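Next come the chains, spelled out residue by residue.
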Amino acid sequence: MDSAFKEDQVLFPAQAHLEGLNIPRWVSFINPLIAGNAKLLRRSCITNLLSDRTYPAELRDLSCTVTHLEIMTGLAQEKPNSAADLVAELLSTCLTPNELFSIYAPSRFKSQIPDTLSHDYTYTSANGHLSVPITAKLKSFRVVVATCVACSMLSGVGMPRGHYGHIFTDETGQATEPETFISIKTLADPRTNVVLSGDPKQLGPTIRSGIARNLGLETSYVERLMAREVYDETAWELDPANNPNPYEVVVKTPTQAAVRRQMAEDEEKALASGVDVSLSDEVSPCSLIAMGIDLEGEQRSLKTLTQSLWDHSQDRQITRVKLRSNALTQKLEEWFSLLQLYIPTSVTLQKREPQKKVTPKPFEVKLWMPSQIGKLISFDRSLAEIEYKLRNTQAHEALGILRRNLQIRATLYDAKDRWLRGQGANTRALNALATVQARIAAARDEYRQARTALLALADLLGYANVDKEFLPLQDKDIRSMVEPEPGLGETRRTLSWIWRRVNAADATEEETQEFVTETIRVEWGKSRARAQRFQEEIELVQEEMNRTLRFFVWKADDWRRKGVAFQDKSTSPEHLEGLKAYAERQAVLCQSLHDAFKHQWEGVPSLVKSARDEMDRPELFYQRKQKEFERKNKKVNQVFVSDSTPESLSTISIPLD
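What counts and how
Residues numbered from 1 in each chain as written. Predicted model: local features only at pLDDT ≥ 70, side-chain atom pairs only at ≥ 80, totals over all residues. Heavy atoms only, no water. Helix = DSSP H or I, 4+ residues; strand = E, 2+ residues; numbered from the N terminus. Buried < 20%, exposed > 50% of the residue type's maximum accessible area, 1.4 Å probe, protein only. Contact = heavy atoms within 4.5 Å. Areas by Shrake-Rupley, 256 points an atom, 1.4 Å probe, with all protein chains shown as cover. Core = buried A, V, L, I, M, F, W, Y, C linked by side-chain atoms within 4.5 Å. Axes fitted to C-alpha atoms, helices over the stretch in contact; angles between N-to-C directions. Nonpolar A, V, L, I, M, F, W, Y, C, P; charged D, E, K, R; others polar. Patch = residues over 30% accessible without salt bridge, like charges linked within 9 Å, V, L, I, M, F, W, Y side chains within 5 Å. Salt bridge = Lys/Arg side-chain N within 4 Å of Asp/Glu carboxyl O. Lys, Arg positive; Asp, Glu negative; His and termini not counted. Charge placed at Lys NZ, Arg CZ, Asp CG, Glu CD. Parallel < 35°, antiparallel > 145°, perpendicular 65-115°, else oblique. Left-handed = near helix turned anticlockwise from the far one by under 90°. Pairing = 2+ DSSP bridges. Expected span 1.5 Å × (residues − 1). Arc of directions from axis to C-beta. Phe/Tyr/Trp six-rings, centres within 6.5 Å; stacked < 30°, edge-to-face > 60°. Lys NZ or Arg CZ within 6 Å of the ring centre and 35° of its normal. pLDDT = per-residue confidence, 0-100.

Trainee: Hey, could you go over the overall build of the chain for me, with residue numbers and the actual values?
Mentor: Assigned secondary structure in the chain consists of 25 helices and six strands. Here the chain holds 657 residues, and 36% of them are scored as buried. When contacts within the chain are restricted to residue pairs at least 6 apart in sequence, long-range pairs at least 24 apart make up 70% of them. Of the accessible surface of the chain, which amounts to about 39,200 Å², a share of 54% is contributed by carbon and sulfur atoms.

Trainee: Outline the nonpolar core, listing residues and values.
Mentor: Core analysis: the biggest nonpolar cluster contains 57 residues, and Trp 335, Ile 343, Leu 390, Leu 402, Tyr 447 and Ile 498 have the highest contact counts within it. Elements with a minimum of two residues in this core: helix 14 (256-272), helix 15 (285-307), helix 16 (315-342), helix 19 (381-419) and helix 20 (423-461). No other element matches helix 19, which puts ten residues into this core. Residue contacts for Leu 402: discarding those within four places in its chain leaves Ile 440, Ala 443, Leu 473, Ile 478 and Ile 498. Phe 101, Ala 150, Met 159 and Leu 187 belong to the second largest nonpolar core, which has 21 residues in total.

Trainee: Please provide a residue-by-residue account of the packing of helix 24 (residues 604-616) against helix 25 (residues 618-633), values included.
Mentor: Where helix 24 contacts helix 25, the axes come no closer than 4 Å and their chain directions differ by 115 degrees. Between helix 24 and helix 25, the residues in contact are Asp 613, Glu 614, Met 615 and Asp 616 and Pro 618, Leu 620, Phe 621 and Arg 624, respectively. Split into classes, the residues belonging to the contact of helix 24 with helix 25 amount to four nonpolar, no polar and four charged.

Trainee: How would you sum up a negative patch on the surface? Please name residues and give values.
Mentor: A grouping of Asp 276, Asp 281, Glu 282 and Glu 334 is seen on the molecular surface, where their side chains present a negatively charged patch. Along the chain, Glu 282 falls in the loop between helix 14 and helix 15.

Trainee: So what's going on with unusual backbone geometry? Residues and values would help.
Mentor: Phi at Trp 368 takes a positive value of approximately 55 degrees, unusual for a residue other than glycine. In this structure, Asn 465 takes a positive phi of about 65 degrees despite not being glycine. With respect to the secondary-structure elements, Asn 465 resides in the loop between helix 20 and helix 21 (466-469).

Trainee: Can you break down the packing of helix 19 against helix 20 residue by residue, with the values?
Mentor: Between helix 19 and helix 20, the shortest axis-to-axis distance is 7 Å and the interhelical angle comes to 155 degrees. Classified by the interaxial angle, the pair formed by helix 19 and helix 20 is roughly antiparallel. Viewed along their axes, helix 19 and helix 20 form a crossing whose handedness is left-handed. Across the contact of helix 19 with helix 20, the residue classes break down as 25 nonpolar, five polar and eight charged.

Trainee: Break down the environment of Thr 393 for me, with residues and values.
Mentor: Examined against the element boundaries, Thr 393 turns out to sit in helix 19. Thr 393 sits in the buried class, given a relative accessible area of 3%. In the structure, Thr 393 is positioned 135 residues away from Ala 258 in sequence and 9.2 Å away in space, judged by C-alpha atoms.

Trainee: With reference to specific residues and values, describe the pairing of strand 3 (residues 166-169).
Mentor: The alternating pattern of strand 3 places His 166 and Phe 168 and Ile 167 and Thr 169 on opposite faces, both of which are buried. Pairing of strand 3 with strand 4 (residues 193-196), which is carried by four bridges, proceeds in the parallel orientation. Along strand 4, the bridge assignment pairs Ile 167 with Val 194.

Trainee: If you had to explain helix 14 to someone new, which residues and values would you point to?
Mentor: One turn of an α-helix holds 3.6 residues; hence residues three or four places apart share an orientation. Given a rise of 1.5 Å per residue, 17 residues ought to cover 24 Å, and the 24 Å separating the end C-alpha atoms of helix 14 matches this to within 8%. Looking at helix 14, one finds that the buried residues are Gln 256, Val 259 and Met 263. Buried residues in helix 14, looked at end-on, bunch into an arc of 70 degrees, giving them a common side. Away from its buried face, by an angle of more than 90 degrees, helix 14 presents the exposed residues Ala 257, Arg 261, Glu 268, Lys 269 and Ala 272. In this structure, the buried side of helix 14 is in contact with helix 15, helix 19 and helix 20. Note on helix 14: the residue one or two positions beyond its end, Gly 274, has a positive phi of about 90 degrees.

Trainee: I'd like a rundown of the pattern of salt bridges, residues and numbers included.
Mentor: This structure, assessed with the given rule, holds 22 salt bridges. Salt-bridge contacts for Arg 444 lead to Asp 445; the nearest nitrogen and oxygen are separated by 3.1 Å. You can call Arg 444 partly exposed: its relative accessible area is 23%. Under the relative-accessibility criterion, Asp 445 is labelled partly exposed at 29%. The salt bridge partner of Arg 617 is Glu 619, with a shortest N-O separation of 3.1 Å. Judged by its relative accessible area of 46%, Arg 617 is partly exposed. Three or more residues joined by partner-sharing salt bridges are found here, namely Glu 614, Arg 624, Lys 625 and Glu 628.

Trainee: Go over the packing of aromatic side chains, please, and point to the residues and values.
Mentor: On inspection of all chains with the given rule, the structure shows ten aromatic pairs. Ring centres of Phe 552 and Phe 597 lie 5.8 Å apart, and the angle between their planes is 25 degrees; this geometry places the pair in the stacked category. In this pair, Phe 552 is assigned in helix 22 (residues 509-563) and Phe 597 in helix 23 (residues 573-601), connecting sequence segments 45 residues apart. Grouped by ring-pair contacts, the aromatic residues Phe 551, Phe 552, Trp 554, Phe 597 and Trp 601 constitute a single cluster. The ring of Trp 368 has Lys 366 lying over it, and the distance from NZ or CZ to the ring centre is 4.3 Å. Taking NZ or CZ as reference, Lys 562 lies 4.8 Å from the ring centre of Trp 559, over its face.

Trainee: I'd like to hear about the confidence of the model for the chain, residue by residue, with values.
Mentor: The predicted model of the chain averages 77 in pLDDT, with 75% of residues at 70 or higher. The low-confidence segment residues 74-86, where pLDDT is below 50, has 46 contacts with residues more than four positions distant or belonging to other chains. Here residues 636-657 scores under 50 on pLDDT; set against residues more than four positions off or in separate chains, the count is 23 contacts.

So, in structure tokens, the structure goes:
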């Protein structure tokens, strides 16, 4: 291995060997199922290999044969001197006999070779046995297909290392580590991309030798890699001090609090240097604009609360709305008095507004922020710049809140669908969903208002491409990662743009992809934590059930012991009989509670087992849901045919379809 490349990158990969991945813009996918599959693209394995970048450390989360076929087809169509290891019969549909060659062992019968490969994609020696051509001919093939062991034939005829840019090994979980390394050791060099796919949780390699099994050959190469810290998501749980938190997004995102603090620090520095632009002792320009943005938030909240009232609302609800309305009116009076200090001509704009017969409600009052004033009157440009900075972070924060609550809503819907039964549980779930939906609506309105202000400020300040950075948020865009766009099927599913926007105005393509990867990683980590919590709750409840049954058995025996505890004392027979009867009565009560609970809980172990089976094999869950759907939607028309007597009624079931 020393003559090929650094063995630690392949044998013992670490975090330092992994590079940040990005999706090149030029990539066009052959398989539409992959183009719309965000889960498959989250690690950008296909796109980075097609972009001709080298990653000595193995890539994760490959979707086995489909991924291999997509990568190799793309390499064959776009890049020269590329190689792969996939089923030759599939590749023969897009590669000519001059591009594809399939190696077979000489001992294999020709009758076992598919007809599509037996003549054009193989080589037969002069004695009629399957073989390989000379090295010069082998070098002319762009793709060579072989088993792990047959790869040694390439090295045996003199194929140099590094000739193949990519080595693909499919179903690595079922191959021993020496078998996997035949092609790597003999054909790879530092520029070779080694791609492994396979599920280490499924069947491993078949080892018949007890000695080999004791030496660890029963563990496949990919299984050993997945056990290393670089691939272990539980490392933080075991050692949080020295490992990154998987539940935190490491991509830096601006927040309103951070921007406001930065502005306050800048004002502090200006005051220290003798520069004071404030026109009020209590409110600075930054505080004024921040106050206006906060007032807008209160207006949106009051509007939502007012719209929730109806003819039969309780006095307590109406009183709460009135109190909030009065408080907002007082804040608006203070706001306009401060606004006149910094923008005196704003009084003119207020007077120009058409007078209404009915006094406008507090949430209908126009605040005349710099974004609303625009070019109507002249004012200090610095106020517009301050608002632009705050609006920028406000829009990004609103998108972050929107994304977080969309994922919460998807999780609640899934939990409600899978586990909740009964009116009480479903009512509580609907109330929780209504709360989350209200947050989603609030974040939606906040983003839309912030975007409108940003576009107006960009026109005023001369900033370009603001409309491209802050896209219009339509109702069809407000969906979680797992929800397809309305009207599109699974094969055309794409992520909404809200999941592909990084929270930075000058973000590059690499930063955008990093943001998407981080978002998916954090959501996956939170889902995993919730799943573990639910499993712990199941174990706790089962243990409580077991202890409850054991307690009632112990309590019944304890009462019976108390019933005979006074026999050796000087107690009258009548008194002893009464004590024994009372103790027996209590014992029977405990025993009846034990029997009742045991009867009610006797089906729980089987339910838990079926749930665990569905967790280990997700296809069982979808099969069960499909059966439930078919059973629910099976409509049968019952036709009753009457004979001469009521006893001769017969039933005929006729399917409607």
